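Geometric and topological summary
These are the residues of each chain, in order.
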Amino acid sequence: APNHFFVKGDVTSSDLVNHILEEYEIDTVMHFAAQTHVDNSFGNSFTFTRNNVLGTHTLLEACLRLGKQIRRFIHVSTDEVYGE
């Protein structure tokens, strides 16, 4: 069995995130803050913020809830999320 898999879903869905972490006994989360291209943040800033900020918050809360099961949380993003 592979030691990784891809899930297409809503990163802001705490039910989905909690289910996946528990069901598959995840110990490492690699999170690529999802939405890029600064132009997107101007045109629809609420969607941009929801995906990047609320999505990250949802993942962090789910990991915190599981405690020591989560050994690593790797967050990768762009300057649109972190700022220049």
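Please refer to the structure placed before this passage.
Here we summarise the structure given alongside this text. (Residues numbered from 1 in each chain as written. Predicted model: local features only at pLDDT ≥ 70, side-chain atom pairs only at ≥ 80, totals over all residues. Heavy atoms only, no water.)

**A few points about the packing of aromatic side chains**
The test is simple: Between 30 and 60 degrees the pair is tilted, below 30 it is stacked and above 60 it is edge-to-face, where a pair is any two Phe, Tyr or Trp rings, Trp via its six-membered ring, whose centres lie within 6.5 Å. Strands are runs of DSSP state E lasting at least 2 residues, helices are runs of H or I lasting at least 4, and numbering of each runs from the N terminus. Only protein chains enter the accessibility calculation, which uses a 1.4 Å probe; a residue whose area is less than 20% of its type maximum is buried, one above 50% is exposed, and one in between is partly exposed.
A full pass over the atoms with the stated rule returns one aromatic pair. Their ring planes at 50° and their centres at 4.6 Å tell us that Phe5 and Tyr24 sit as a pair that is tilted. Here the residue Phe5 occupies a position in the segment before helix H1 (14-23), and Tyr24 occupies one in the loop between H1 and strand E1 (28-32), the gap between them amounting to 19 residues. The class for Phe5 is partly exposed, based on a relative accessible area of 41%.

**Description of the environment of His19**
Mapped onto the elements of the fold, His19 is located in helix H1. For His19, a relative accessible area of 43% puts it in the partly exposed group.

**Quick word on unusual backbone geometry**
Even without being glycine, Glu25 reaches a positive phi, approximately 50°. Examined against the element boundaries, Glu25 turns out to sit in the loop between H1 and E1.

**Remarks on the nonpolar core**
Defined as follows: Definition used in this section: a nonpolar core is a set of buried Ala, Val, Leu, Ile, Met, Phe, Trp, Tyr and Cys residues joined via side-chain atoms within 4.5 Å. Contacts: residue pairs with any heavy atoms within 4.5 Å of one another.
One finds Val17, Leu21, Ile26, Val29, Leu59, Ala62, Cys63, Leu66 and Ile70 forming the largest nonpolar core, which totals nine residues. Those elements that provide at least two residues to this core are H1 and helix H3 (45-66). In terms of residue count, H3 provides more of this core than any other element does, four residues in total. Apart from residues no more than four positions distant in its own chain, Leu59 is found in contact with Val11, Val17, Val29, His31 and Phe73.

**Overview of H1**
Quick note on the threshold: Relevant arc is that of directions from the helix axis to the C-beta atoms, nothing else.
For H1, the set of buried residues is Val17, Asn18, Ile20 and Leu21. Viewed end-on, H1 has its buried residues packed into an arc of 165°, placing them on one side of the element. In this structure, H1 carries Asp15 and Glu23 as exposed residues pointing more than 90 degrees from its buried face. Each element contacted by the buried residues of H1 is listed here: E1 and H3. Looking at the residues trailing H1, positive phi occurs at Glu25, about 50°.

**Quick notes on the pattern of salt bridges**
Where we set the bar: Every case where a carboxyl oxygen of Asp or Glu lies within 4 Å of a side-chain nitrogen of Lys or Arg is listed as a salt bridge.
Following the criterion strictly, the structure yields three salt bridges and no others. Here Asp10 ties to Arg50 by a salt bridge, and the two come within 2.9 Å at their closest N and O atoms. Of this pair, Asp10 sits in the segment before H1 while Arg50 sits in helix H3, placing them 40 residues apart in sequence. With a relative accessible area of 32%, Asp10 lands in the partly exposed category. Overall, the relative accessible area of 38% leaves Arg50 in the partly exposed class. The partner of Arg71 in a salt bridge is Asp27, and the shortest N-O contact between them spans 3.0 Å. Of the two residues, Arg71 is situated in the loop between H3 and strand E2 (72-76) and Asp27 in the loop between H1 and E1; the sequence distance between them amounts to 44 residues. Looking at Arg71, the relative accessible area reads 55%, which means it is exposed.

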